[in-house]
Every structure is written in C-alpha cells, then in structure tokens.
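Tertiary structure, described
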Amino acid sequence: MKQDLTAFLPGGPAPLRWLILESLTYVEKIAALYPHSQLTVVTEIDEAASLREFAGLNIQWVFQDIRQEKLPFPNGSFDAVLAENLLSRAYEPYELLLDISRKLTDVGVFYGDFLNIRYTGVLEALKQGQFPVREKHLYAKSEMVRLLDDTLFKEINFVPGDRDEDNSAEEEWEAAGYANINHELSISRYLFRAAVSTAKVANLKGLYSPEVRKELSRILHRIEYDVARTENLEHLQQLCQQEGIFPEYLHDFVEETCYHRDKVLALLGQK
C-alpha cells in the first residue's frame, strides 16, 4: 500500500497561504485542491520556476537550501506547510522543525513524512551489517512524537505512507520478540499531520480576531481573580453582545484559559 500527503486533504477550513518545501510534485495537487490559495515554494532547483506545469499558478519562488539557511519569512506567515522527504535529509531536524512551527499561524498545520527505523527492511539491513542511518535520518514513531512535541506542535496524526502487502517479514520479527504496535514493522514510511494548536483550541482561535480574544481573556481573568468583578461582568456582557460571542464559545474559552474554571463558570451562570 502506498499513499501520499494528500491523504490528509482536504479537511477543515481551506488554508489560504501554503509553504511548500522541496516538494515540487505537490505544487499542482495543492493548487487544484485549493485554487484560491497563495503558494510559496522553496527549492534548490532554479529551473523549477520555468517548468511548463507551473505556468499560470499563483506561486512565489524562493531558491535556497533550507537545511543550511533559516526560512526567510516573518513568523506566522503561513496557514499550512508541506514538506516531503525533508526530515530524512535535514542536518538539524530539531532546528528545522522549530523554524517551520514558528512560520505557521497559531492555528497552522504541518504536513510531513519520515522513514521508519523499525521497518523490517531496515532491521534486516542492520542485521547484515549495513547502516542506512549514516546516509539519512530514520526515526521511530515515538521519537517523532517527542521531536514534534518539543518543537511546539500540539496535535499529531499518523498514517502509513508505504506499507508491505506481504506481512510475512513482520511476523518473523514479531515472533523473534520485536514489538509490532499497529503493524509498524511493515511500514517503511509514515505520513503525519502536526497542528500548532489542538482542534478545540484551533476552533476557539478561528472564530474571533486576536484582539477580541485578548480582550475576552483579560476580562475573564479579572473576573476570576475578583478585580472589579461587577464592573467586568458588565464589560463581558457588552463584549459578547458587540462581537456576537455565543454561550457555548464562552464556556469553551473559560475551560481553556481560566485556572479556576468552575468558579468562573458559576459566576457566569454556566454551571
């Protein structure tokens, strides 16, 4: 079985600003899925911009080796970043992932992949004295979770990218005592979707502007710690009426931002 990163697409709100890193085979796919999006493509291949298949597409081209240079964009510039085969080639995976996470908005998503070091083909090569890890980075799934978590990603989903149809090899290694959670011994490559925010927090951030959320948080914290509480309860009511903040949203916002959640919800008459 083989699939690519479009397995995660489309889904949820359409990202408008895409950053595609050394993944030229995805440019036309993303343009077709999201025809109103703005594409920024970073590649070392100067000739890519003149290829016929990219003519007429809304693309900003940047030519550089991102393994050696940081991305030349302000933080929070993109709704989505896509990079295939990047982590297997990266010189400093942690630094590269941290740079990518900072270039995303606070509800942004990163789509990537990695080679599985626990794949039977890799284990067999190691058994024969071959060391593919010298040529490229390979990762265990648990290691990738820690790496993405350490680089500020909050919600991570995995699907197999390349999986053996014949499961005899994995059965042999499993019989030898190797753990085989979700058949990972038969998967040579994983695809992942890593979001900067959890789905719940992303929904909270997506409905109102940062300025409204900041003011809402300020008022709620003043209510929580009894700072001019009566006055701020009135301010809260005014803000909700002015911005159309509905009770369910207010409840979830309190759950995510207040330490004394039950007390604040009780004061708001929501508990």
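Rules and cut-offs
Residues numbered from 1 in each chain as written. Predicted model: local features only at pLDDT ≥ 70, side-chain atom pairs only at ≥ 80, totals over all residues. Heavy atoms only, no water. Buried < 20%, exposed > 50% of the residue type's maximum accessible area, 1.4 Å probe, protein only. Helix = DSSP H or I, 4+ residues; strand = E, 2+ residues; numbered from the N terminus. Arc of directions from axis to C-beta. Pairing = 2+ DSSP bridges. Axes fitted to C-alpha atoms, helices over the stretch in contact; angles between N-to-C directions. Domains from an automatic or database assignment. Phe/Tyr/Trp six-rings, centres within 6.5 Å; stacked < 30°, edge-to-face > 60°. Lys NZ or Arg CZ within 6 Å of the ring centre and 35° of its normal.

Now for helix α10 (residues 247–257). Those residues of α10 lying buried are Tyr 249, Leu 250, Phe 253 and Val 254. Each buried residue of α10 lies within a common arc of 135 degrees when the element is viewed along its axis, so the set occupies one face. Facing away from the buried surface of α10 by more than 90 degrees, the exposed residues are Pro 247 and Glu 248.

Positive phi, close to 60 degrees, is recorded for His 183, a residue that is not glycine. Position of His 183 among the secondary structure elements: in the loop between α6 (168–175) and β7 (187–195). On the accessibility criterion, His 183 (38% relative accessible area) is partly exposed.

Moving on: the sheet that holds strand β5 (residues 104–115). Strand order in this open sheet of seven strands is β3-β2-β1-β4-β5-β7-β6, and the pairing throughout is mixed. Of all the strands in the sheet, just β3 (59–63) and β6 (155–163) have a single pairing partner and so form its edges. Taking the axes of each pair of neighbouring strands and ignoring which way they run, one obtains an average angle of 15 degrees across the sheet. The sheet contact formed by strand β1 (residues 17–21) and strand β2 (residues 38–43) spans five bridges and is parallel. The residue of β2 that forms the bridge with Leu 21 is Val 42.

Our focus in this paragraph is the domain arrangement of the chain. Looking at the chain, the domain boundaries give domain 1 (5–198) and domain 2 (208–268). Its C-alpha centre places domain 1 at a distance of 38 Å from the equivalent point of domain 2.

Our focus in this paragraph is the packing of aromatic side chains. Centre distance and the angle of the planes are the two values used to describe a pair of aromatic rings. In total, this model carries 18 aromatic pairs according to the counting rule given. Consider the rings of Trp 173 and Tyr 178, whose centres lie 5.0 Å apart with planes at 85 degrees: the pair is edge-to-face. Its relative accessible area of 12% is what places Trp 173 among the buried residues. According to the relative accessible area criterion, Tyr 178 is partly exposed, its value standing at 36%. On the basis of an interplanar angle of 65 degrees and a centroid distance of 5.9 Å, the ring pair of Phe 246 and Tyr 249 is categorised as edge-to-face. We classify Tyr 249 as buried; its relative accessible area is 3%. Ring pairing ties together the aromatic residues Phe 110, Phe 114, Tyr 139, Phe 153, Phe 158, Tyr 190 and Phe 192, which thus form one cluster. Its guanidinium or amino end placed over the ring of Tyr 26, Lys 29 lies 4.9 Å from that ring's centre, counting from NZ or CZ.

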